[in-house]
Amino acid sequence: MNRFFGFFLTAAVMAVGLQSCMQGDIVDSNVAAAENDASIKQYISQNPGTTTAPLNYTTNGTGMYYAITKPNPTGKRPSTGEEVTFAYTLYNLQNQALDSSKAGNLPFFTFGLNSLLAGLQEGIASLREGEKARLLIPSYLAYGSQAQTTFTLPANSPIRIDVELVSSRTEEQQITNYINSTALTSSLSLTAPPTNIQQSTSGLRLIKTVTNPTGSTISSGQSVTVNYAGQTLRAVTPFDKSTDGTFSFTLGRNQLIPGFEEGVLQMRVGEKATLVFPSSIGYGTNGARNSNGVYVILPYAPLRFDIEVINAK
């Protein structure tokens, strides 16, 4: 089950500068917290919006204030495990822009993993797809007592983030989008999305890229030798691979993740296939970490494996 464990996660999952801080980094004194709250309330009074578009702020009691600047009442809210993509611009409370996302390369993260600044994550949780908001975040929900050097922001500074929730995609949506993406078609040297997709009730998609109708079938209990490469759907390089014909395992002993074994069972010796499957038959809600505690594969991550069956005995 841990065969694909211990390699560096290659996919970028968060915006630079917006990662969550360690708890010890975000604890401010009561004085700093009170000063932050006073600064935010002063900012609200001095920046009320316009007559036609007033800014009506809401707070959840944490010290973060937000105002919806573009509503979308029919949009869906993000749920735990979904992949959230967002756009942002970060300001100080003097309305000076310090950082922003880049069009065409928007940041994304897995909702519910507490991987972003606490105030930003709270703000995104209050939005629906397609909505925009202005967030006023106290330092203890932002960068805390650490001054920022990537951009100029003193320690214990409250911040403003203008954010748009672009999309929140379930694993099924991620897989469907990937199957129809140019990333998959080009990697398989196709000019259009594949149509020879075998889909199981487990959510596994199997796309045979080399068939061998006369090859031996494979059954549980056999020792199978394969070449493979595994990657997340956002990645362009594998997190793990074996391509020298030396990797063998016994089917049916739960040595590997279920999606991998299920896919191999649907192949014949001499065949190649691309598997795409959800985390429920991958690494689930726990993901996989290396010996340093760094995620190799994030929780709720759908995966792709390219497999060649060399022999089975």
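Quick note: structure is the one above.
Okay, so let's go over this structure. Predicted model, so just to flag it, every value in this text is computed and none were measured.

### Quick notes on the sheet that holds strand 15 (residues 303–312)
If you walk across this open sheet you meet the six strands as 8-9-12-15-10-11, and the pairing is antiparallel. Across the chains shown, the open sheet's two edge strands, defined by having one partner strand only, are strand 8 (197–199) and strand 11 (240–250). Pairs of neighbouring strands in the sheet enclose a mean axial angle of 30 degrees, with direction left out of account. Taken together, the seven bridges between strand 10 (residues 223–232) and strand 11 define a ladder with antiparallel strand orientation. Bridging from a neighbouring strand, Ala229 pairs with Lys241 of strand 11. Across the sheet, helix 3 (residues 171–179) is in contact with strand 8, strand 9 (205–210), strand 10, strand 12 (272–277) and strand 15; its angle to strand 9 comes to roughly 20 degrees. Seen against the sheet, helix 5 (residues 258–265) touches strand 9, strand 10, strand 11, strand 12 and strand 15 and runs at an angle of roughly 145 degrees to strand 12.

### Brief notes about the pattern of salt bridges
With the rule as written, the count across this model stands at nine salt bridges. Where Glu82 meets Lys76, a salt bridge forms, and the shortest distance between an N and an O atom there is 2.7 Å. By relative accessible area, which is 7% here, Glu82 ends up buried. Given a relative accessible area of 28%, Lys76 falls into the partly exposed group. Residues joined by salt bridges that share partners form a network here, namely Glu83, Arg169 and Arg234.

### Describing the environment of Ser101
Along the chain, the position of Ser101 falls in the loop between strand 4 (97–100) and strand 5 (108–110). As a C-alpha pair, Ser101 and Asn156 span 55 residues in sequence and 23 Å in three-dimensional space. Each residue touching Ser101, except ones within four places of it in the same chain, is listed here: Ala87, Tyr88, Leu106 and Pro107.

### Some details on the environment of Ile297
Topologically, Ile297 is positioned in strand 14 (residues 295–297). Take Ile297: its relative accessible area is 0%, and that puts it in the buried class. It is 27 Å that separates the C-alpha atoms of Ile297 and Leu141, two residues lying 156 residues apart in sequence.

### Notes on the packing of aromatic side chains
Applying the stated criterion to the full structure yields twelve aromatic pairs. With a centroid separation of 5.8 Å and 90 degrees between ring planes, the pair formed by Tyr228 and Phe260 is classed as edge-to-face. Remark: Phe260 occurs in helix 5 and Tyr228 occurs in strand 10; sequence separation between them is 32 residues. Here a set of aromatic residues connected by ring pairs shows up, and it is made of Tyr228, Phe239, Phe247, Phe249, Phe260, Phe277 and Phe305. One residue, Arg160, lies across the ring of Tyr91, its end atom 3.8 Å from the ring centre. Cation over ring: Arg234 sits above Phe108, and NZ or CZ is 3.8 Å from the ring centre.

Thresholds applied
- Residues numbered from 1 in each chain as written.
- Predicted model: local features only at pLDDT ≥ 70, side-chain atom pairs only at ≥ 80, totals over all residues.
- Heavy atoms only, no water.
- Pairing = 2+ DSSP bridges.
- Helix = DSSP H or I, 4+ residues; strand = E, 2+ residues; numbered from the N terminus.
- Axes fitted to C-alpha atoms, helices over the stretch in contact; angles between N-to-C directions.
- Contact = heavy atoms within 4.5 Å.
- Salt bridge = Lys/Arg side-chain N within 4 Å of Asp/Glu carboxyl O.
- Buried < 20%, exposed > 50% of the residue type's maximum accessible area, 1.4 Å probe, protein only.
- Phe/Tyr/Trp six-rings, centres within 6.5 Å; stacked < 30°, edge-to-face > 60°.
- Lys NZ or Arg CZ within 6 Å of the ring centre and 35° of its normal.

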